[in-house]
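# Per-entry structural report
Now for the letters of each chain:
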Amino acid sequence: MMSRRFVTVFMAIFMFANVALINAQTAYLTTSVEEIAASLPARPIAIGLDVDDTVLFSSPGFQYAFSNTDGPDGTNKYGNRPLSNDQFWSDLSCQFDKFSIPKESARKIIELHRDRGDKIYFITARPPVKGEILTSILHREFKLENQPKAIFSGRISKAEFIKKHGLAIYYGDSDSDISEAHDAGVRAIRFMRSPLSNNKGKYNPGKHGEIVLENSEN
Ligand SMILES: [Mg+2]
């Protein structure tokens, strides 16, 4: 039988381990920007980040999609299924990102990689559109120069782009970000979604055994 002292020590270790977050489904490990920095090779690498709810809080544009009454007779101008409307995706990436808020947690990760001289790709599953302003907003907000344009992967798995560009790490908030990075055989790190996000896409941190960036909700 375990002694009471052993149990107490065990409980203390458990409670103070860098672990701890347990929700209904999954326990997961967390990591910090400093730990990520210490894990990287000295030479520059290429890395990728998802956009919506990873580096940008883009819920304002989606809020408009869901709740506008700017169509005929006060209806939704994008119809009953706004996320299936091409015009919405064009408006989002060509206009509404002016109202997207950069996440502070992303700023720290991007600064880390920028200052190492890493190549920084943004890969969003939004459909490709003509005249996007997303790239220029990301590069301006995160103070990036001479970095590649944002990739709009649409219906193609992000794994294709992760492999094609030789990314060593991929950061994202959605379950699919993590599973597609794993499909490509690379390390995935989960960003947490803001509690205010209106994104209903699948989100189960730790689901794929990935590590979660601490304090990455905002
Ligand atoms: Mg996302």
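Counting restarts for each chain, with residues numbered from 1 along the sequence as it is written. Residue-level local features of this predicted model are given only where pLDDT is at least 70; pairs of side-chain atoms are given and counted only at 80 or more, and the full residue set underlies all totals for whole chains, interfaces and linings.

Here the focus is the overall build of the chain. Think of it this way: any DSSP run of H or I at least four residues long counts as a helix, any run of E at least two long counts as a strand, and we number them from the N terminus. When you go through the chain residue by residue, the secondary structure sums to 8 helices and 11 strands. Out of the 218 residues in the chain, the part that is buried amounts to 33%. Contacts are defined on C-beta atoms placed from the backbone: any two residues whose C-beta positions lie within 7 Å are in contact. Considering only contacts in the chain between residues 6 or more positions apart, those separated by 24 or more positions represent 69%. Three exposure classes are used, based on other C-beta atoms lying within 10 Å of a residue's own C-beta, which is placed from the backbone: buried for 20 or more, exposed for 12 or fewer, and partly exposed in between.

Once that is clear, we can look at the nonpolar core. Nonpolar side chains in soluble globular proteins generally cluster together in the buried interior. For this entry, the nonpolar core is defined as buried Ala, Val, Leu, Ile, Met, Phe, Trp, Tyr and Cys residues connected by C-beta atoms within 7 Å. Counting residues in each nonpolar core, the largest one holds 31 residues, and the members touching the most others are Val55, Phe122, Ala150, Tyr170 and Tyr171. Grouped together as the second largest cluster of nonpolar side chains are 8 residues, Phe62, Tyr64, Ala65 and Phe96 included.

For the rest of this paragraph, the subject is unusual backbone geometry. Its identity as a non-glycine residue notwithstanding, Asp53 has a phi of 70 degrees, on the positive side. Along the chain, the position of Asp53 falls in the loop between strand 4 (46-49) and strand 5 (56-57). Classification of Asp53 as buried rests on a count of 27 C-beta atoms within 10 Å. Positive phi, normally seen in glycine, also occurs at Lys143, with a value near 55 degrees. With respect to the helices and strands, Lys143 occurs in the loop between helix 6 (134-141) and strand 8 (151-152). With 10 C-beta atoms packed within 10 Å, Lys143 lands in the exposed category.

Next up on the list: the sheet that holds strand 3 (residues 30-31). Reading across the sheet, the 7 strands line up as 3-11-10-9-4-7-8 and stay open at both edges, with parallel pairing between neighbours. Each end of this open sheet is capped by a strand with a single partner; those strands are strand 3 and strand 8. When DSSP locates at least two bridges between a pair of strands, those strands are taken to pair. Looking at chain direction, strand 9 (residues 169-172) and strand 10 (residues 187-190) are connected through 4 bridges and run parallel. Paired with Tyr171 across the bridge in strand 10 is Ile189.

The subject of this paragraph is helix 5 (residues 104-116). The length a helix should cover is 1.5 Å for every residue beyond the first. Between its terminal C-alpha atoms helix 5 stretches 19 Å, which fits the 18 Å expected from 13 residues at 1.5 Å a residue. Every buried residue belonging to helix 5 is among Ser105, Ala106, Ile109, Ile110 and His113, and all of these are buried. Each buried residue of helix 5 sits inside an arc of 125 degrees when the element is viewed along its axis, so together they form one side. The outward face of helix 5, more than 90 degrees from its buried face, is lined by the exposed residues Glu104 and Asp115. Those residues of helix 5 hidden inside the fold are in contact with helix 2 (33-39), strand 4, strand 6 (101-102), strand 7 (119-124), strand 9 and strand 11 (211-213). The positive-phi residue at the C-terminal boundary of helix 5 is Gly117, with phi of around 80 degrees. In this context, the arc is that of the directions from the helix axis out to the C-beta atoms.

Strand residues, when the strand is regular, have side chains that alternate between the two faces of the sheet. Relative to strand 7, strand 4 is paired through 4 bridges, and the arrangement is parallel. Considered in strand 7, the bridge of Ala46 is made with Lys119. By the bridge criterion, 2 bridges tie strand 7 to strand 8 in an arrangement that is parallel. For Thr124, the partnering residue across the bridge sits in strand 8 and is Phe152. Handedness of a crossover: with both strands directed away from the viewer, a clockwise path from the first strand across the helix to the second marks it as right-handed. Handedness of the crossover is the feature at issue here: the chain leaves strand 7, passes through helix 6, returns alongside strand 8, and the resulting connection is right-handed.

Turning next to helix 3 (residues 59-67). Looking only at helix 3, the buried set comprises Ser59, Gly61, Phe62, Tyr64 and Ala65. Those residues of helix 3 that are buried are in contact with strand 5 and helix 4 (86-94).

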